[in-house]
Amino acid sequence: MSINSTPQVVSIAGSDSGGGAGLQADLKTFQNRTVFGMTIVVALTAQNTLGVQGSYPIPTAFVEEQFKSLAADFKIGAAKTGMLFDKEHVKCVVDNLKAVDFGPLVVDPVMIAKGGHTLLDTDAIDLIKTDLLPIAYVVTPNIPEAEVLVGYPLTNDLEIMQAAQDIQSLGVKNVIIKGGHLLESQSRDYILLESGERYWLVSERLETVKTHGTGDTFSACIAAELAKGQPIKEAILTGKQFIQGAISNAIDVGHGHGPTNHWAQLEETISVIEE
Ligand SMILES: Nc1ncnc2c1ncn2[C@@H]1O[C@H](COP(=O)(O)OP(=O)(O)OP(=O)(O)O)[C@@H](O)[C@H]1O
Ligand SMILES: Cc1ncc(CO)c(N)n1
């Protein structure tokens with residue numbers, strides 16, 4: 001009888017046919033970080049480095065069937081969510097997560113693709129706040145997503161720090177507000193942990209258009225490290241080191257906002273700045 005001792009992780013998200021974001025980015029990241037990766041497909045997109053040409057939901061009954069298949073066989077040590085499509089799918093994912101033990105949950109509250117295509121109906125946002133975040137261990141909004149979650153603009157550090165606290169008060173234990181959208185010479189992510197510890201993770205901002213799927217790759221790496229039993233602070237640092245390595249060692253595919261390099265190594269030049 002198997003004791004399922006190899007670290008296992010699942011991504012509950014949408015497929016990116018272009019391979020740089022969504023489930024494909026997650027699986028590539030899991031492979032790099034040497035955890036066994038699985039998927040629960042919530043939606044499909046026709047997508048490339050130029051944008052999202054179309055999207056299509058998987059029937060919720062079939063999303064549920066995938067949950068049941070995995071729960072019946074594997075010992076999943078961590079999970080992440082990405083593109084959840086609409087309210088009905090958020091509810092399905094929440095109900096199913098409550099019925100299984102997939103370990104700590106990383107929620108990447110994916111809303112809009114970098115090219116502007118909607119990946120989550122806006123009327124699903126309330127349910128993310130009231131039902132998904134209370135069962136999440138970590139949430140990783142970018143600045144626009146954090147603004148939607150808190151309902152006010154984030155224009156300076158103080159507002160970002162306040163937003164992290166307001167998001168934590170929705171019930172999620174650890175909050176990371178990603179600074180990839182801040183136009184500064186540094187790329188700074190703000191972290192508020194369950195313990196109350198708060199700090200910025202700072203790296204050199206890389207001048208590139210090849211940032212398709214950065215958020216997915218970052219959160220997938222955190223989920224992979226949690227599945228291996230890493231404490232949250234180490235898992236987040238590894239996520240930042242991995243995304244820095246994946247952006248800086250560029251690959252050349254597609255004609256638009258190219259994907260990151262999922263076979264890159266960790267880039268260790270990250271500073272931790274206590275608040
Ligand atoms: N140009 C860059 N140089 C260095 N780090 C970056 C850059 N862009 C993003 N990052 C880092 O990548 C991670 C993801 O941040 P970002 O804000 O881009 O996520 P996102 O908008 O959710 O991405 P996506 O929607 O493409 O998945 C963060 O750790 C951020 O600091
Ligand atoms: C399927 C999918 N999930 C997430 C993102 C956000 O990067 C994307 N572009 N596509």
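This structure is a prediction, so every number in the text was calculated from the model and none was measured.

A pair of packed helices can be characterised by two numbers: the angle between their axes and the separation between those axes. Contact pair helix α5 (residues 143-150) / helix α6 (residues 157-168): the axes reach a minimum separation of 10 Å and the direction vectors enclose 55 degrees. Classified by the interaxial angle, the pair formed by α5 and α6 is oblique. At the point where α5 passes α6, the crossing takes the left-handed sense. Contacts between α5 and α6 involve Ile143, Ala146, Leu149 and Val150 from the former and Ile160, Ala163, Asp166 and Ile167 from the latter. Residue composition of the contact of α5 with α6, grouped by class: seven nonpolar, no polar and one charged.

In space, the 10 strands of this open sheet follow the order β3-β2-β1-β4-β5-β6-β7-β8-β9-β10, with mixed pairing throughout. Only two strands of the sheet have a single partner each, and these edge strands are β3 (51-57) and β10 (271-274). Bridging between strand β4 (residues 78-81) and strand β5 (residues 105-107) involves three bridges; their strand directions are parallel. Pairing of lysine 80 across the sheet is with valine 106, part of β5. Lying on the sheet, helix α8 (residues 232-248) is in contact with β6 (138-139), β7 (174-177), β8 (186-192), β9 (198-204) and β10; it crosses β9 at an angle near 20 degrees.

In terms of nonpolar packing, the biggest core is built from 51 residues, with Val10, Ile12, Leu84, Phe102, Ile167 and Ile177 touching the most fellow members. Contacts of valine 10, omitting those with residues within four sequence positions, involve Phe30, Met38, Thr39, Ile40, Leu70, Ile76, Ala78, Ala79, Lys80 and Phe102. The next biggest cluster of nonpolar side chains, apart from the first, holds 25 residues, and it includes Phe30, Ile176, Leu201 and Ile247.

On the UniProt side, "domain: Pyridoxamine kinase/Phosphomethylpyrimidine kinase" (unreviewed entry) is annotated at positions that read residues 16-261 here. A helix fraction of 39% and a strand fraction of 20% characterise residues 16-261, whose end C-alpha atoms lie 16 Å from each other.

Looking now at the site of ligand 1. The environment of ligand 1 is made up of 20 residues, and the closest members are Lys114, His181, Ser187, Asp189 and Asp216. Separating an oxygen atom of ligand 1 from a side-chain N or O atom of lysine 178 is a distance of 2.7 Å. At a separation of 2.9 Å, an oxygen atom of ligand 1 approaches a polar side-chain atom of threonine 214. When ligand 1 is considered free in solution it has 630 Å² of accessible area, and contact with the protein chains removes 95% of it.

A ring pair, where both rings are aromatic, is described by two values, the distance of the centres and the angle of the planes. Considering all chains together, one arrives at three aromatic pairs under this definition. Relative to phenylalanine 102, the ring of phenylalanine 67 has its centre 5.8 Å away and its plane inclined at 5 degrees; by these criteria the two rings are stacked. Here the residue phenylalanine 67 occupies a position in helix α2 (residues 60-71), and phenylalanine 102 occupies one in the loop between α3 (87-99) and β5, the gap between them amounting to 35 residues. Phenylalanine 102 carries the same exposure label as phenylalanine 67, and that label is buried. Between tyrosine 190 and tryptophan 200 the ring centres are 4.8 Å apart and the planes differ by 55 degrees, which places this aromatic pair in the tilted class. Here tyrosine 190, found in strand β8, pairs with tryptophan 200, found in strand β9; they are 10 residues apart in sequence, far enough to count as distant. Assigned by exposure class, tyrosine 190 and tryptophan 200 land together as buried. Its guanidinium or amino end placed over the ring of tryptophan 200, arginine 188 lies 4.3 Å from that ring's centre, counting from NZ or CZ.

In the vicinity of ligand 2, the contacting residues are Gly14, Ser15, Ala21, Gly22, Gln47, Met83, Val110, Ala113, Leu119, His212 and Asp216. In the environment of ligand 2, a nitrogen atom lies 2.8 Å from a nitrogen or oxygen atom belonging to the side chain of glutamine 47. Here aspartate 216 contributes a side-chain N or O atom positioned 2.8 Å from an oxygen atom of ligand 2. Out of a free accessible area of 290 Å², ligand 2 has 91% covered by protein chains. Split into classes, the residues belonging to the shell around ligand 2 amount to five nonpolar, five polar and one charged.

Across the interface, α3 lies against helix α4 (residues 125-132) with an axial gap of 9 Å and an inter-helix angle of 10 degrees. Taken together, the axis directions place α3 and α4 in an arrangement best described as roughly parallel. Pair α3 / α4 crosses with right-handed handedness. Between α3 and α4, the residues in contact are Lys87, Val90, Lys91, Val94 and Leu97 and Leu127, Ile128, Asp131 and Leu132, respectively. Of the residues contributing to the contact of α3 with α4, the split by class is six nonpolar, no polar and three charged.

What counts, and where the lines are drawn
- In this numbering scheme, every chain counts its residues from 1 along its sequence in written order.
- To read the labels, note that chains go from A and ligands from 1, taken in the order they are written.
- Only residues with pLDDT of at least 70 get local features here, since the model is predicted, and only at 80 or more are side-chain atom pairs given and counted; chain-wide, interface and lining totals rely on the full set of residues.
- Each side-chain value is derived from all of the structure's non-hydrogen atoms; neither hydrogens nor water enter the calculation.
- Here the axes come from fitting lines to C-alpha atoms, over the contacting stretch only for helices, and the angles between their N-to-C directions go from 0 to 180 degrees.
- Only DSSP runs of H or I reaching four residues or more are called helices, and only runs of E reaching two or more are called strands; each is numbered from the N terminus.
- With respect to orientation, any angle under 35 degrees is reported as roughly parallel, any angle over 145 as roughly antiparallel, any angle of 65 to 115 as roughly perpendicular, and every other angle as oblique.
- A clockwise turn of the near helix away from the far one marks a right-handed crossing, whereas an anticlockwise turn of less than a right angle marks a left-handed crossing.
- Contact definition: two residues touch when any of their heavy atoms are within 4.5 Å.
- Each residue is assigned to one class: nonpolar for Ala, Val, Leu, Ile, Met, Phe, Trp, Tyr, Cys and Pro, charged for Asp, Glu, Lys and Arg, and polar for all the others, Gly among them.
- Pairing between strands is defined by DSSP: at least two bridges between the two strands are required.
- For the purposes of this section, nonpolar cores are sets of buried Ala, Val, Leu, Ile, Met, Phe, Trp, Tyr and Cys residues that join through side-chain atoms within 4.5 Å.
- Residue exposure (1.4 Å probe, protein chains only): buried if accessible area is under 20% of the type maximum, exposed if over 50%, otherwise partly exposed.
- UniProt positions are given in the numbering used here, feature names are shortened, and annotations may be inferred rather than shown by experiment.
- We call a residue near a molecule or strand whenever a single non-hydrogen atom of that residue lies within 4 Å of it.
- Nitrogen and oxygen atoms within 3.5 Å of one another constitute a polar contact, given that in protein one can donate a hydrogen and the other can accept it, and given that sequence-neighbouring residues count only through two side-chain atoms.
- Areas reported as accessible are Shrake-Rupley estimates using a 1.4 Å probe. Residue values count occlusion only from the protein chains shown.
- Any two of the Phe, Tyr and Trp rings considered here, Trp counted by its six-membered ring, make a pair once their centres fall within 6.5 Å; the pair's planes then place it as stacked at under 30 degrees, edge-to-face at over 60, or tilted in between.
- Should the NZ of a Lys or the CZ of an Arg lie within 6 Å of a ring centre and within 35 degrees of the ring normal, that charge is described as sitting over the ring.

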